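# Commentary on secondary and tertiary structure
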Amino acid sequence: MQNKIYPCLWFDGQAKAAAEFYCSVFGEGKITTDSAMVVNFELSGQKFMGLNGGPQFKINPSISFYVVCQSETEIDTAWAQLSTGGMMMMPLDKYPWSQKYGWLQDQFGVSWQLTLGKMEDVGQKFTPLIMFANAQNGNAEAAIDLYSSLFPESSLVGVARFEEGEPTPGLIKHAQFKLHNQVFMVMDAPGTHAFNFNEGISLVVDCQGQEEVDHYWNGFTAKGEESMCAWLKDEFGVSWQIVPRELMQALE
């Protein structure tokens, strides 16, 4: 499928190496653009952008990727490859929400949440998960509301909240929602974390025409802030790129 919204991963000269690695780990992958600045690739038909942006920003776990693995062999193999040179955040084990799940940060700094399940559980293999931590903890629900107001064909799929006796009861433990019929996930993260949103991972909106560019740009910057060319930060600090399709085709 052609993602309307797709993630951009910021690398310091390692975009192609990372793209090749992910294609080998997950299979059903291919590099579609290979230039000095941009390396686009697809995993199971979903688009990712690798940007050789330099040392300015580092990818961190504030945005991770939730991956549906459909067999024990698949999840074990992917875990072994991704963990090499990386860092475990939650061990691959049985949890209340999954028979087998693990969270890790790979050698390039990208975070993956692998879960054993069925594709129909989510509807897509890779799903960006936005974690609202530190000063942003508690804003997951407001983010769903904002994003759903801006994108057509948006809907709330499901919400699990922290319960009484848990940290921050009432806040979002995990939620799924759709923007332009693509699934996204959010969670609030109580406690102190050593990272915040930055440009290491941004979300690119593929726009057709100036009217669409203006709609998203004005919507996100109403309480957010403009950044470098075509980049902005929304009111929660999440980075977006509002990009005319013609510009992306020129970069390719």
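Report follows, based on the coordinates. Within any chain, residue numbers begin from 1 and follow the written order of that chain's sequence. Reporting in this predicted model follows two pLDDT cut-offs: at least 70 for local features of residues, and 80 or more for side-chain atom pairs to be given and counted; totals over whole chains, interfaces and linings ignore these cut-offs and use all residues. The side-chain quantities take in all heavy atoms of the structure and omit both hydrogens and water.

### So, the overall build of the protein chain
In this text, helices come from DSSP runs of H or I with a minimum length of four residues, and strands from runs of E with a minimum of two, each type numbered from the N-terminal end. From N to C terminus, the protein chain includes six helices and 16 strands. The C-alpha radius of gyration of the protein chain comes to 17 Å, within 12% of the 18 Å expected for a compact globule of 252 residues. For the protein chain, the C-alpha atoms occupy an extent of roughly 45 × 40 × 35 Å along the three principal directions. Residue burial in the protein chain is summarised as follows: out of 252 residues, 51% are buried. By definition, residues are in contact when any of their heavy atoms lie within 4.5 Å. Considering only residue pairs separated by 6 or more positions, the protein chain has 63% of its internal contacts joining residues 24 or more positions apart. Accessible surface area values rest on a Shrake-Rupley calculation with a 1.4 Å probe, where residue burial reflects the displayed protein chains alone. When the accessible surface of the protein chain is totalled, it reaches about 11200 Å², and 50% of it is carbon and sulfur. For the protein chain, the distance from the average position of its 15 positive side-chain charges to the average position of its 30 negative side-chain charges is 4 Å. All radius of gyration figures rest on C-alpha atoms, and the globule criterion is 2.2 Å times the number of residues raised to 0.38. Accessibility here uses a 1.4 Å probe with only protein chains present; expressed as a share of the type maximum, an area under 20% marks a residue as buried, one over 50% as exposed, and anything in between as partly exposed. Neither His nor the chain ends is counted toward charge; the positive residues are Lys and Arg and the negative residues Asp and Glu. Throughout, a charge is located at the NZ atom of Lys, the CZ atom of Arg, the CG atom of Asp or the CD atom of Glu.

### Structural notes on the sheet that holds strand β16 (residues 239-244)
The strands that make up a sheet are held in pairs by hydrogen bonds between backbone atoms, and each pair lies either parallel or antiparallel. Strand order in this open sheet of eight strands is β2-β3-β4-β1-β13-β16-β15-β14, and the pairing throughout is mixed. Edge positions in the sheet fall to β2 (29-34) and β14 (225-226), since each has one partner strand and no second. As defined by bridge partners, strand β13 (residues 201-207) adjoins β16 across five bridges and the pair is classed as parallel. From the neighbouring strand, L203 faces β16, where its bridge partner is W240. Angles run from 0 to 180 degrees between N-to-C directions of axes, and those axes are lines fitted to C-alpha atoms, restricted for helices to the stretch in contact. Across the face of the sheet, helix α1 (residues 15-26) comes into contact with β1 (5-11), β2, β3 (38-43) and β4 (46-52) while running at roughly 10 degrees to β3. Strand contacts of helix α5 (residues 210-221): β13, β14, β15 (231-233) and β16, with the helix running at about 160 degrees to β16, the strand carrying the most contacts. Note: two strands are recorded as paired if DSSP finds a minimum of 2 bridges between them.

### Quick look at the environment of D188
Relative to the elements of secondary structure, D188 occurs in strand β12 (residues 182-189). The buried category is assigned to D188, whose relative accessible area is 1%. C-alpha separation for the pair D188 and A140, spaced 48 residues apart in sequence, amounts to 5.8 Å. Those residues in contact with D188, other than ones at most four positions away along the chain, are F132, Q136, N137, G138, N139, A140, F162, L171 and I172. Polar side-chain contacts of D188 include one of 3.3 Å to the backbone nitrogen of N139. N or O atoms within 3.5 Å of each other form a polar contact, as long as, within protein, one can give a hydrogen and the other can take it, and as long as residues adjacent in sequence are counted only when both atoms are side-chain atoms.

### What about the environment of L116?
When you line up the elements, L116 lands in strand β8 (residues 111-116). Note: C-alpha distance between L116 and M88 (28 residues apart in sequence) is 17 Å. What L116 contacts, discounting residues up to four positions off in sequence, is C69, Q70, S71, E72, I75, S98 and K100.

### As for α1
Here the expected span of a helix is defined as 1.5 Å times the quantity of residues minus one. With twelve residues, α1 extends 16 Å between its outermost C-alpha atoms, agreeing within 8% with the 16 Å of an ideal straight helix rising 1.5 Å per residue. Taken together, the buried positions of α1 are A15, A18, A19, F21, Y22, C23, V25 and F26. Within two residues after α1, G27 carries a phi angle of roughly 65 degrees, on the positive side.

### Some words on the packing of α1 against helix α2 (residues 72-83)
The geometry of α1 relative to α2 is characterised by a closest axis approach of 9 Å and an angle of 155 degrees between their N-to-C directions. When the interaxial angle is binned, α1 and α2 end up roughly antiparallel. Between α1 and α2 lies a crossing whose hand is right-handed. For the pair α1 and α2, contact is made by F21, Y22, S24, V25 and F26 and by A78, Q81 and L82, respectively. Amino acids are sorted into nonpolar (Ala, Val, Leu, Ile, Met, Phe, Trp, Tyr, Cys and Pro), charged (Asp, Glu, Lys and Arg) and polar (every other residue, Gly among them). Here the contact of α1 with α2 is composed, by residue class, of six nonpolar, two polar and no charged. Each angle is binned into one of four classes, with values under 35 degrees roughly parallel, values over 145 roughly antiparallel, values of 65 to 115 roughly perpendicular, and all other values oblique. Take the far helix as the reference: if the near one is turned anticlockwise from it by less than a right angle, the crossing is left-handed, and if turned clockwise, right-handed.

### Overview of the pattern of salt bridges
Here, a salt bridge means any side-chain nitrogen of Lys or Arg that lies within 4 Å of a carboxyl oxygen of Asp or Glu. Per the stated rule, a full pass over the model turns up nine salt bridges. As a salt-bridge pair, D76 and K100 come within 2.7 Å of each other at their nearest N and O atoms. Placement of D76 in helix α2 and of K100 in strand β7 (residues 98-105) is noted, with a sequence separation of 24 residues between them. Judged by its relative accessible area of 17%, K100 is buried. The network of salt bridges with shared partners includes E72, D76 and K100.

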